[in-house]
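# Structural description and commentary
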Amino acid sequence: MNDCVFCKIAAGEIPAHKVYEDDQVIAFLDIAHFTKGHTLIIPKSHYSSLLDTPDEVLAKIAVLTKDLATNYKPILRADGFTVKQNNGEVAGQEVMHYHVHLIPHYEGDKFKFAVQHKEQKVDLEKLANDLRGE
Ligand code: 5GP
Ligand code: ZN
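Predicted model only: the values in this text are computed from it and were never measured. (Residues numbered from 1 in each chain as written. Chains lettered and ligands numbered in written order. Predicted model: local features only at pLDDT ≥ 70, side-chain atom pairs only at ≥ 80, totals over all residues. Heavy atoms only, no water.)

## What about helix H3 (residues 124-131)?
Quick reminder of the rule: Nitrogen and oxygen atoms within 3.5 Å of one another constitute a polar contact, given that in protein one can donate a hydrogen and the other can accept it, and given that sequence-neighbouring residues count only through two side-chain atoms. Here a helix means four or more residues in a row that DSSP labels H or I, a strand means two or more in a row labelled E, and each is numbered from the N terminus.
Where H3 begins, the capping side chain belongs to Asp123, and its oxygen is found 3.2 Å from the backbone nitrogen of Glu125. Where H3 ends, the next residue or the one after it, Gly133, has phi of about 80°, a positive value.

Here it is, written out as structure tokens:
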């Protein structure tokens, strides 16, 4: 992908602060740091979203995310982590190259992804049936 910023990082054409790299994946610090240690984990090959990323690549990135969080915990003294992954503009995806955000949290930090639970008029019984294909 000629104009994909993450492909350029994967190819070494633009710099990034890498924390891990092998032949398939790279992890590097997010340029717009949300909390200290905010990291992006990407496949080197271009896949635009979760839906078109091969299962073995997803599995590898899931395990790497866990390993990075395990390593970061004592180094950063992180108290918890958010793992975030946006798919599609409507979901807030800005770079259309599959990536996972690993976001450390610290006691007292104000950066929460609190979900506002609102009462929705949805028939959950029917919806679950529909989603199971019944
Ligand atoms: P999205 O909103 O697509 O889930 O997240 C894209 C992320 O990529 C953003 O958090 C943004 O700060 C980060 N980003 C975009 N361009 C660059 C770049 O050139 N270098 C780095 N390190 N991060 C980038
Ligand atoms: Zn790309």
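## Here's the deal with the coordination of the zinc ion (ligand 2)
Using the following cut-off: Only nitrogen, oxygen and sulfur atoms qualify as donors, provided they sit within 2.8 Å of the metal or within 3.2 Å for Na, K and Ca; with water excluded from the atoms, sites may seem incomplete. Under the classification used here, a metal with four donors is tetrahedral if each angle lies between 85 and 135 degrees, square planar if opposite donors are over 155 degrees apart and the others between 65 and 115, a six-donor metal meeting that same test is octahedral, and anything else is irregular. To sort residues, take the accessible area from a 1.4 Å probe on protein chains only and compare it with the maximum for the residue type: under 20% means buried, over 50% means exposed, and anything in between is partly exposed.
Looking at the zinc ion (ligand 2), the protein donor atoms are Cys4 (SG), Cys7 (SG), His46 (ND1) and His97 (ND1), and they sit 2.0 to 2.3 Å from it. Metal-centred angles of 105 to 117° between the four donor atoms at the zinc ion (ligand 2) mark the site as tetrahedral. Each donor residue of the zinc ion (ligand 2) belongs to the same chain, with the gaps between them written as C-x2-C-x38-H-x50-H. On the criterion of sequence distance, the pair formed by Cys7 in helix H1 (residues 5-10) and His97 in the loop between strand E4 (80-84) and strand E5 (100-105) is long-range, its members being 90 residues apart. Relative accessible area serves as the criterion here: at 14%, Cys7 is assigned to the buried category. Since its relative accessible area comes to 0%, His97 is described here as buried.

Scope: geometric values only; no functional claims are made or implied.
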